[in-house]
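Spelled out, the chains give:
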Amino acid sequence: MSCRLSPLLPSSAMPLRARGFTLIEALVVITISAILLVVGVPMFNGTIASMRASEAANSLVASLEVARVEAIRRGIPVTLCRVPSAASTACDSAASGGYAGDDWGVGWVVWADVPNDPPAVADVANVIDDNDRLQFQTTLASGGAQRAQIINPGGVTAITFRPDGLRNVGGAAINFRIAYPQAAQGAAISCRQVSVDVSGRVSSNRITC
């Protein structure tokens, strides 16, 4: 009796068993993804809020520095004041466009009564004309969009720097609280404070909301 051996099949010819996800594996992946989403979204929102608050604080600090430097360079008082539009001719504390009267997020202007300038109309003291504007910051956002708030609790609408760089009016530091509210969370979650002391020095710090 003879024995006949079957030829060996190459590995490529051997049948392969299909491999996929089991129901348990799929559920584990979904569960982990859900956990990462729940944890990650608030952290991402917090990062965005911190960035927006920093951007608003940096814009205000930059304008304050411009006002102080220009006062020293020109040898005349230079003012930073709250205005709701580029067409404003005076500092304004009125509520506008959804912004409260103490919220500088509506916009501001750096200006000076430049002597011997050629205005379209005669210069009037404390009236901002086209030639007096040195810098204008438009509103940070419009309508109901989420935006940073720049609040001055003391209701200050203008800060003037003298030619020596000092603040025009002495007293305590003028503070601005910058926050980026998240409507979904119902409260500001990232805050900064910008201060101008009597010497005219400008500083920015992170604070607790």
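Whatever comes next refers back to the structure up there.
Residues numbered from 1 in each chain as written. Predicted model: local features only at pLDDT ≥ 70, side-chain atom pairs only at ≥ 80, totals over all residues. Heavy atoms only, no water.

Undergrad: Please set out the sheet that holds strand β1 (residues 78–82) residue by residue, giving values where relevant.
TA: The antiparallel open sheet is built from four strands, whose spatial order is β3-β2-β1-β5. Where the open sheet ends on each side, the last strands, each with one partner, are β3 (133–137) and β5 (158–161). Across this sheet, the average inter-strand angle for adjacent strands is 10°, counted without regard to direction. Alignment of β1 against β5, held across four bridges, turns out to be antiparallel. Bridging from a neighbouring strand, Val78 pairs with Phe161 of β5. (Pairing = 2+ DSSP bridges. Helix = DSSP H or I, 4+ residues; strand = E, 2+ residues; numbered from the N terminus. Axes fitted to C-alpha atoms, helices over the stretch in contact; angles between N-to-C directions.)

Undergrad: Run through the environment of Arg52, naming residues and quoting values.
TA: Mapped onto the elements, Arg52 comes out in helix α1 (residues 23–74). Along the chain, Arg52 and Ser190 lie 138 residues apart, while their C-alpha atoms are 8.7 Å from each other. Not counting chain neighbours up to four residues away, the residues in contact with Arg52 comprise Ala148 and Tyr180. (Contact = heavy atoms within 4.5 Å.)

Undergrad: How would you sum up the packing of aromatic side chains? Please name residues and give values.
TA: Under the defined criterion, the tally for this structure stands at one aromatic pair. Between Trp104 and Phe176, the aromatic rings sit 5.1 Å apart at their centres with planes inclined by 80°, giving edge-to-face as the arrangement. Of the two residues, Trp104 is situated in the loop between β1 and β2 (108–111) and Phe176 in strand β6 (residues 174–182); the sequence distance between them amounts to 72 residues. Considered together, Trp104 and Phe176 belong to a single accessibility category, that of buried residues. (Phe/Tyr/Trp six-rings, centres within 6.5 Å; stacked < 30°, edge-to-face > 60°. Buried < 20%, exposed > 50% of the residue type's maximum accessible area, 1.4 Å probe, protein only.)

Undergrad: Describe in detail the pairing of β2, supporting the description with residues and values.
TA: Side chains Trp108 and Val110 project from β2 onto one buried face, and the interleaved Val109 and Trp111 project onto a second face that is buried too. Bridge analysis of β1 against β2 gives four bridges, and the strand direction is antiparallel. Bridging from a neighbouring strand, Cys81 pairs with Val109 of β2.

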